[in-house]
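# Secondary and tertiary structure notes
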Amino acid sequence: MASFKEIVTKAVIGKAKKTSVSKFSVTPNEIPDTVLGCWVINHTFEGHGLNGAVVINGGFDVNVWYSYNNDTKTAVATEHFTYEDKMNIKLKDGAVLSDASEIIVRSLTQPTVTDVTTEQGVVNLSIEKELGVEIVGNTMIKVSVEEEEDDYEVIEDETQEEEIDEVIQEIDEDYLK
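Presented here is a report on the structure given in the accompanying data block. Model, not experiment: these values are computed from the prediction.

## A short note on the packing of aromatic side chains
Under the defined criterion, the tally for this structure stands at 4 aromatic pairs. Between Phe24 and Phe60 the ring centres are 5.5 Å apart and the planes differ by 85°, which places this aromatic pair in the edge-to-face class. Note that Phe24 is positioned in strand β1 (residues 3-26) and Phe60 in strand β3 (residues 53-68), a separation of 36 residues in sequence. We classify Phe24 as buried; its relative accessible area is 12%. For Phe60, a relative accessible area of 1% corresponds to the buried category. The interplanar angle of 35° and the centroid separation of 5.9 Å between the aromatic rings of Phe60 and Tyr83 together place this pair among those described as tilted. Placement of the pair is Phe60 in strand β3 and Tyr83 in strand β4 (residues 73-87), with a sequence separation of 23 residues. In this structure an aromatic cluster arises from ring pairing among Phe24, Phe60, Phe81 and Tyr83. Across the ring face of Tyr83, the terminal group of Lys129 is positioned such that the distance to the ring centre comes to 4.2 Å.

## Examining the environment of His48
Relative to the helices and strands, His48 is located in strand β2 (residues 34-50). For His48, a relative accessible area of 34% puts it in the partly exposed group. Sequence separation between His48 and Ile103 is 55 residues, and the spatial gap between their C-alpha atoms is 6.5 Å. In contact with His48, other than residues within four places in its own chain, are Ala53, Val54, Val55, Asn57 and Ile103.

Conventions we followed
Residues numbered from 1 in each chain as written. Predicted model: local features only at pLDDT ≥ 70, side-chain atom pairs only at ≥ 80, totals over all residues. Heavy atoms only, no water. Phe/Tyr/Trp six-rings, centres within 6.5 Å; stacked < 30°, edge-to-face > 60°. Helix = DSSP H or I, 4+ residues; strand = E, 2+ residues; numbered from the N terminus. Buried < 20%, exposed > 50% of the residue type's maximum accessible area, 1.4 Å probe, protein only. Lys NZ or Arg CZ within 6 Å of the ring centre and 35° of its normal. Contact = heavy atoms within 4.5 Å.

Keep in mind these values describe shape, not function.
Structure below.
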């Protein structure tokens, strides 16, 4: 007859991803004629729980390569931006986000510049990113426990007993005299 046991373990109790597009502006030292390239580097982020939701705070550096002075010179403007994203994640099986929950944030798609425009010396950027969040918490599982005997075969090692008997017979009783 089978009985059941309950095991408390850590498991993913909630999982979601979110794609977002944000607008940022960079003001270079010179008035740009043409934007030659844009890239995002040094993306960092972390998540924490707040009122039942996950808040992700992050930041990255944006480099804008541009030409100026009637396209005769080039320069790179660098600026650091921060962001805050809020994610309401549906938790499985009635689980609750608590201080004991572990929040794991991953960048599923690195921040990428998707659109660039210039207007009166300001470079306007659209940056798209995709973040994934997993919430790990305590959960309980039930397992069936079988009450049967182990079916292992018992092997007895007879060679050791024979070797011990041989050693005993070889002992010189007059050794200590």
